[in-house]
Amino acid sequence: MIAKLVQADEDTVRDAIHRFNEIGLACLDPQWAGGRPRLLSPDDEDFVIRTATTRPRKLGRPFTRWSLRKLAVCLRRVHGRVIRTGREVLRSLLARRGTPLRRTKTWKESTDPDRDAKLDRPGQLEPPQPHRPDPRNPPVHASAQRPRPPPRRAGRPTR
């Protein structure tokens, strides 16, 4: 009778009743775990974050900053650990943990002997200075500029 009412198979209804008798109302809350299983364990995620926050030179790499591509290649070649993941997974993991990678802005190296120590504490860097206009060439407001003439239209010549 119940199976016809809910338009389900009798075995499904019987299993639901038995499960209700065993655990009560908790059987009404499905414990679905859809999607692909996680490829990175929490230990692997911690290792990725530690690697991403370490300077590449300290790990014997010939560059100064990590990119997602370089980090993914480095993680595949780590001895004793196999971490195979794509750049998008790395990007989302780093963003979720609050350590996004920044793009490299220059190829130049600094000659400052304390460079690594200063770069390891990014919150202590000086804020950027505000832009100061050149007093010899003040900006011109748009309303002070000469208006443009209307464009010449192609077509019938004017008299």
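This structure is a prediction, so every number in the text was calculated from the model and none was measured. Residue numbers here run from 1 along each chain, matching the order of that chain's written sequence. Totals for whole chains, interfaces and linings use every residue, but because this is a predicted model, local features are given only for residues with pLDDT of at least 70 and side-chain atom pairs only at 80 or more, for both listing and counting. Excluded from the side-chain calculation are hydrogens and water; included are all heavy atoms of the structure.

Draft legend 1. Examining the environment of valine 73 more closely. Runs of E in the DSSP output that reach at least two residues are strands. Runs of H or I that reach at least four are helices, and both are numbered from the N terminus. Tracing the chain through its elements places valine 73 in helix 4 (residues 68-76). Burial here depends on accessible area, computed with a 1.4 Å probe over protein chains only, as a share of the maximum for the residue type. Under 20% is buried, over 50% is exposed, and the range in between is partly exposed. Overall, the relative accessible area of 32% leaves valine 73 in the partly exposed class.

Draft legend 2. Up close: the side chain of glutamate 45. Following the sequence through the fold, glutamate 45 ends up in helix 3 (residues 42-52). Residue glutamate 45 is classed as buried on the basis of its relative accessible area of 7%. Whether two residues touch is decided by their heavy atoms; if any such pair falls within 4.5 Å, the residues are in contact. Apart from residues lying up to four places away in sequence, glutamate 45 is in contact with Arg38, Leu40, Leu93, Arg96 and Arg97.

Draft legend 3. Quick look at the packing of aromatic side chains. Working definition: rings of Phe, Tyr and Trp (its six-membered ring) pair if their centres are within 6.5 Å, and the pair is stacked with planes under 30 degrees apart, edge-to-face with planes over 60 apart, and tilted otherwise. Per the counting criterion, the structure on display carries one aromatic pair. Taking the centre distance of 5.6 Å and the plane angle of 70 degrees together, the rings of phenylalanine 63 and tryptophan 66 count as edge-to-face. Taking the relative accessible area as the measure of exposure, phenylalanine 63 reaches 17% and is therefore buried. The class of tryptophan 66 is buried, set by a relative accessible area of 5%. A ring has a charge above it when a Lys NZ or an Arg CZ is no more than 6 Å from the ring centre and no more than 35 degrees off the ring normal. Between lysine 70 and the ring centre of phenylalanine 63, over which it is positioned, the NZ or CZ distance is 4.4 Å. We note arginine 81 situated over the ring of phenylalanine 47; from NZ or CZ to the ring centre the distance is 4.4 Å.

Draft legend 4. Region of interest: a nonpolar patch on the surface. Residues form patches when they are more than 30% accessible in relative terms and have no salt bridge. Like charges link within 9 Å. Nonpolar side chains (Val, Leu, Ile, Met, Phe, Trp, Tyr) link within 5 Å. A 1.4 Å probe and the Shrake-Rupley method give the accessible areas. Residues count as covered only by the protein chains that appear here. What makes a salt bridge here is a side-chain nitrogen of Lys or Arg within 4 Å of a carboxyl oxygen of Asp or Glu, nothing more. Nonpolar side chains collect at one region of the surface, where Ile2, Leu5, Val6 and Ile17 lie side by side and expose about 400 Å² of accessible area between them. Sort the elements by how many residues they give to the nonpolar patch and helix 1 (residues 2-6) lands first, with three residues. Mapped onto the fold, valine 6 is located in helix 1.

Draft legend 5. Up close: helix 2 (residues 10-23). With 14 residues, helix 2 should cover 20 Å at 1.5 Å per step; its first-to-last C-alpha distance of 20 Å lies within 8% of that length. Immediately downstream of helix 2, the backbone of glycine 24 shows phi near 80 degrees, a positive value. Every helix has an expected span of 1.5 Å times one less than the residues it contains.

Draft legend 6. Representation of unusual backbone geometry. Positioned with a positive phi, glutamine 7 is a non-glycine residue whose angle comes to about 55 degrees. According to the relative accessible area criterion, glutamine 7 is exposed, its value standing at 76%.

Draft legend 7. Structural detail: helix 3. Those residues of helix 3 lying buried are Asp44, Glu45, Phe47, Val48, Ile49, Thr51 and Ala52. Next to the buried residues of helix 3 lie helix 4 and helix 5 (87-96).

Draft legend 8. Representation of the nonpolar core in the model. As used in this record, nonpolar core signifies buried Ala, Val, Leu, Ile, Met, Phe, Trp, Tyr and Cys residues forming a set joined through side-chain atoms within 4.5 Å. Membership of the largest hydrophobic core comes to 15 residues, with the highest contact counts inside it found for Val48, Leu71, Leu75, Ile83 and Leu90. Elements supplying a minimum of two residues to this core: helix 3, helix 4 and helix 5. If near-sequence neighbours (up to four positions away) are discounted, leucine 90 is found in contact with Val48, Leu68, Leu71, Ala72, Leu75 and Thr85.

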